[in-house]
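For reference, the chains in residue letters:
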Amino acid sequence: RGESEQAETACRDILAANPDHFDAHHLSGLIRAERGDYAAALEHFERAATLRPNDAQVQSNRGLALRRLGREDDALSVLDDALRIEPGHAIARLNRGMILLARGQAKAALADFDAALALNPNLAQAWNNRGNALSELGRHAEAADSYARVLALHPGIPQALVNRGTALLAMGRAADAHTSYDEALR
């Protein structure tokens, strides 16, 4: 219900009574990650992972925290663990692709984004990052189509509009790019 402070208090109380409570550690990690405190989030995710090492969701969340802390090699290893546990984990696949894309490995990242979308075609962030990978590969028409998918799922997202404009501009469609940029500014 969006009551993260109450949830955090409840988790703190639970952990005071039972320091090995998996769900309280996992939820505490999610709350801290939502606030941008990835170091504290990682501590909770790592504790949860020691309690349930074969939980793909916890491993995926660990990978996200590690990525946000700039520990990309560790994040890739943990995300690979999550995918070994649950090959159909779309978010782990998405996070893995985002690291590869940031490293300039657009082709490998594209494969991860496509795999994530095969598992969950409504994953807007995967469509957006797929477009970014395609743009880096010079496949601007396909990138524009990916950004259009983001906007079909969530109309008016400024970053998707800017990305679409950039792809359209690269295709020589300056007027359409200008329209997309104007929409982003609105």
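The following refers to the structure shown. (Residues numbered from 1 in each chain as written. Predicted model: local features only at pLDDT ≥ 70, side-chain atom pairs only at ≥ 80, totals over all residues. Heavy atoms only, no water.)

**Considerations on the packing of helix 7 (residues 106-119) against helix 8 (residues 124-136)**
The test is simple: Here, axes are lines fitted to C-alpha atoms. For helices the fit covers the stretch in contact, and angles between N-to-C directions go from 0 to 180 degrees. Elements are defined by DSSP. Helices are runs of H or I of four residues or more, strands are runs of E of two residues or more, and each kind is numbered from the N terminus. Here is the rule for angles: anything less than 35 degrees is roughly parallel, anything more than 145 is roughly antiparallel, 65 through 115 is roughly perpendicular, and the remaining ranges are oblique. Here is the rule for handedness: rotate from the far helix to the near one, and if that takes an anticlockwise turn smaller than a right angle the crossing is left-handed, while a clockwise turn gives right-handed. Two residues form a contact once any of their heavy atoms are found within 4.5 Å. Under the scheme applied here, ten amino acids are nonpolar (Ala, Val, Leu, Ile, Met, Phe, Trp, Tyr, Cys and Pro), four are charged (Asp, Glu, Lys and Arg), and all others, including Gly, are polar.
Packing of helix 7 against helix 8 leaves a shortest axis separation of 9 Å and a crossing angle of 155°. By the criterion of interaxial angle, the relationship of helix 7 to helix 8 is roughly antiparallel. Once helix 7 is placed against helix 8, the crossing between them reads as left-handed. Here A106, L110, F113, D114, A116 and L117 of helix 7 come into contact with helix 8, specifically with A126, W127, N129, R130, A133, L134 and E136. Looking at side-chain class alone, the contact of helix 7 with helix 8 contains nine nonpolar, one polar and three charged residues.

**A closer look at helix 3 (residues 38-51)**
Each α-helix winds once per 3.6 residues, and so residues spaced three or four apart point in a common direction. To keep it simple, the criterion reads: For a helix, the expected span equals 1.5 Å multiplied by the residue count minus one. Relative accessibility thresholds used throughout: buried, under 20% of the residue-type maximum; exposed, over 50%; partly exposed, between the two (1.4 Å probe, protein chains only).
With 14 residues, helix 3 should cover 20 Å at 1.5 Å per step; its first-to-last C-alpha distance of 20 Å lies within 8% of that length. Of all the positions in helix 3, only Y38, A40, A41, L42, H44, F45, A48 and A49 are classed as buried. Buried positions along helix 3 lie against helix 1 (4-17), helix 2 (22-34) and helix 4 (56-68).

**Here's the deal with the packing of aromatic side chains**
Put simply, the rule reads: Here the aromatic set is Phe, Tyr and Trp, taking the six-membered ring for Trp, and pairing holds for ring centres within 6.5 Å; pairs whose planes are under 30 degrees apart are stacked, those over 60 apart are edge-to-face, and all others are tilted. As a reminder, the over-ring test applies to NZ of lysine and CZ of arginine, requiring each to be within 6 Å of the ring centre and within 35 degrees of the ring normal.
For the coordinates displayed, the defined rule picks out zero aromatic pairs. The ring of F22 has R52 lying over it, and the distance from NZ or CZ to the ring centre is 3.8 Å.

**Considerations on the packing of helix 6 (residues 90-102) against helix 8**
Helix 8 packs onto helix 6 with a crossing angle of 25° between their chain directions and a minimal axis gap of 11 Å. Considering their axes alone, helix 6 and helix 8 lie roughly parallel with respect to each other. For the pair helix 6 and helix 8, the sense of crossing is left-handed. The residues of helix 8 that touch helix 6, namely those facing L94, M98 and L101, are Q125, A126, N129, N132, A133 and E136. Grouping the amino acids of the contact of helix 6 with helix 8 by side-chain chemistry returns five nonpolar, three polar and one charged.

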